[in-house]
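If you want the building blocks of each chain, they are given just below.
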2 protein chains.
Amino acid sequence: MRKDSRLSRMLHVLIHMDRLGGPATSERIAKMLSTNPVVVRRTMAGLRQQGYVTSVKGHGGGWSLAMPLNKISLLDIHNALGESSVFTIGLSDEYTHCPIEQAVNKAINDVLIEAESLLLERFGEVTLDVLAEGIADFLSPSFTKDKGC
Amino acid sequence: MRKDSRLSRMLHVLIHMDRLGGPATSERIAKMLSTNPVVVRRTMAGLRQQGYVTSVKGHGGGWSLAMPLNKISLLDIHNALGESSVFTIGLSDEYTHCPIEQAVNKAINDVLIEAESLLLERFGEVTLDVLAEGIADFLSPSFTKDKGC
DNA sequence: TTTCATGTAACTTATGATGTTTCTTAAATT
DNA sequence: AATTTAAGAAACATCATAAGTTACATGAAA
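The name an unreviewed UniProt entry assigns to chain A is Rrf2 family transcriptional regulator, from the organism Marinomonas transparens.

### Considering the side chain of Thr43 of chain B
Residue and element names in this part refer to chain B. Structurally, the position occupied by Thr43 is in helix α3 (residues 37-49). Of the residues examined, Thr43 reaches a relative accessible area of 11% and is grouped as buried. Each residue touching Thr43, except ones within four places of it in the same chain, is listed here: Arg6, Met10 and Leu81.

### Description of the protein's contact with DNA strand D
Among the 24 residues in the neighbourhood of DNA strand D, the closest are listed as Ser26 and Arg48 of chain A together with Thr35, Arg42 and Gly58 of chain B. Put simply, 65% of the atoms of DNA strand D that lie within 4 Å of the protein are in sugar or phosphate. Within the backbone of Gly58 of chain B, one N or O atom sits 3.1 Å away from a base nitrogen of DNA strand D. Mapped by element, the contributors of at least two residues to the surface near DNA strand D are α3 (37-49), β1 (53-56) and β2 (62-65) of chain A together with α3 of chain B. The element that contributes the greatest number of residues to the surface near DNA strand D is α3 of chain A, accounting for four residues. Looking at the surface near DNA strand D residue by residue, the classes come out as six nonpolar, ten polar and eight charged.

### Considering the relation of the copies chain B and chain A
Between chain B and chain A, which share one sequence, the superposing operator has a rotation angle of 180° and an axial displacement of 0.0 Å; the RMSD is 0.0 Å. Both chain copies can therefore be described as sitting about a two-fold axis. Residue Phe87 of chain B, judged by its C-alpha, is the member of chain B lying nearest the rotation axis, at 2.2 Å.

### Here's the deal with the protein's contact with DNA strand C
In the vicinity of DNA strand C lie 25 residues, with Thr35 of chain A together with Met1, Ser26, Arg41 and Arg48 of chain B positioned nearest. Expressed as a percentage, the sugar and phosphate content of the atoms of DNA strand C within 4 Å of the protein is 64%. Within the contact set of DNA strand C, a phosphate oxygen lies 2.6 Å away from a backbone nitrogen or oxygen of Met1 of chain B. Between DNA strand C and the protein, one listed contact pairs a sugar or linking oxygen with a backbone N or O atom of Gly58 of chain B at 3.3 Å. The dominant element in the surface near DNA strand C, judged by the number of residues it contributes, is α3 of chain B, at four residues. Tallied by class, the residues present in the surface near DNA strand C amount to six nonpolar, eleven polar and eight charged.

### Re the nonpolar core
In summary, soluble globular proteins display a tendency toward joint burial of nonpolar side chains. If you look at the biggest cluster of nonpolar residues, it comprises 88 residues, and the most contacted ones within it are Ile77 of chain A together with Ile77 of chain B. Residues contacting Ile77 of chain B, with those up to four places away along its chain left out, are Leu7, Met10, Leu11, Leu14, Leu47, Tyr52 and Ile72 of chain B.

### Looking at helix α4 (residues 74-81) of chain A
For α4 of chain A, the complete set of buried residues consists of Leu74, Ile77, His78, Ala80 and Leu81 of chain A. Within α4 of chain A, the buried residues cover an arc of 165° as seen down the axis, which keeps them to one side. Buried residues along α4 of chain A sit in contact with α1 (6-19), α3, α5 (99-125) and α6 (128-132) of chain A together with α5 (99-125) of chain B. The first or second residue beyond α4 of chain A is Gly82 of chain A, which carries a positive phi of 70°.

### As for the pattern of salt bridges
Enumeration according to the criterion identifies ten salt bridges over all chains in this entry. Notably, a salt bridge pairs Lys106 of chain A with Asp110 of chain A, separated by 2.7 Å at the nearest N-O pair. A residue pair is termed a helical-turn pair when its members lie 3 or 4 positions apart in one helix, as Lys106 of chain A and Asp110 of chain A do in helix α5 at four residues. Judged by its relative accessible area of 51%, Lys106 of chain A is exposed. Its salt-bridge partner being Arg122 of chain B, residue Glu125 of chain B comes within 3.3 Å of it at the nearest N-O pair. Here Glu125 of chain B pairs with Arg122 of chain B, and both are found in helix α5, just three residues apart, close to one helical turn. Where salt bridges share partners, they join Glu114 of chain A together with Glu121, Arg122 and Glu125 of chain B into one cluster.

Conventions and cut-offs
Residues numbered from 1 in each chain as written. Chains lettered and ligands numbered in written order. Predicted model: local features only at pLDDT ≥ 70, side-chain atom pairs only at ≥ 80, totals over all residues. Heavy atoms only, no water. Helix = DSSP H or I, 4+ residues; strand = E, 2+ residues; numbered from the N terminus. Buried < 20%, exposed > 50% of the residue type's maximum accessible area, 1.4 Å probe, protein only. Contact = heavy atoms within 4.5 Å. Near = heavy atom within 4 Å. Polar contact = N/O pair within 3.5 Å; in protein donor to acceptor, adjacent residues only side chain to side chain. Nonpolar A, V, L, I, M, F, W, Y, C, P; charged D, E, K, R; others polar. Least-squares fit on C-alpha atoms with pLDDT ≥ 70 in both. Core = buried A, V, L, I, M, F, W, Y, C linked by side-chain atoms within 4.5 Å. Arc of directions from axis to C-beta. Salt bridge = Lys/Arg side-chain N within 4 Å of Asp/Glu carboxyl O.

Now the structure itself:
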């Protein structure tokens, strides 16, 4: 089943952005992610809407962090990306009147809700500055390389 | 993102099967699920391989439960369906050497593992007989109807 | 020996995410 | 003012893959 790695990739980008002097263009970010600028804009749009990044048009423009990394949690970015559910598991909806289907779906859904609550709680506990801790500063310039990271 | 409702649907089917006198053909199950027999065989094959159901060819053949419902948990069927991960969230793998990617992926993965453990644990605690409890017996014959359930 | 039903392989379709093209808008440089 | 740079956005194309379908083989009962 298809995986959505946007959370992982965006966190990666945000931390690199924090180490960058100025704004990062969609093009540069796209190269870093081996994708293209439009996809980057599409994804970053959600983060901008929630206030985590800003975008500036024109010369010298691009994307910048709108707040320090310690104000941004994994949960924040997860929510900003706007995915409805974290699970590949879905419920059947063919026989909503059938008590067996109801019982099965309730049992599954109860578990999904509990597991998702735990996941979101944990995501909320981790801020991006913690992830960036202990990573040497000399890594910063490599982001500026074309293929680099 | 696409959802996999096979678990929900198969549990539904298994409980109905338990209330049936004889074996259920792939065709009948397919009608119940608004799908076709080959898809049913494909899905049920995993359950047979793990010993939860048996299949018999030819006249009067079909699918039968190989054990009582109280021996089968949600986890059993989930595992038998053989899906690798329960999450839509995936990790990036573009820069496995990048310490930032590593830190991001470890943080996400730690949470996923914890949440998945809880989910699987809960699935293991629920057996199908519990789901079938309190459901009136007169429902049974309706499974035999063409569109019914 | 005919019918019924599963087993399996190969192929087709449907869906949704991702990628691409094209054009518009806006800001800084010349 | 004209040019360049870069985001915004709409429309369309591609791709991956789960689900659906067809066709045929196998095997068991009537």
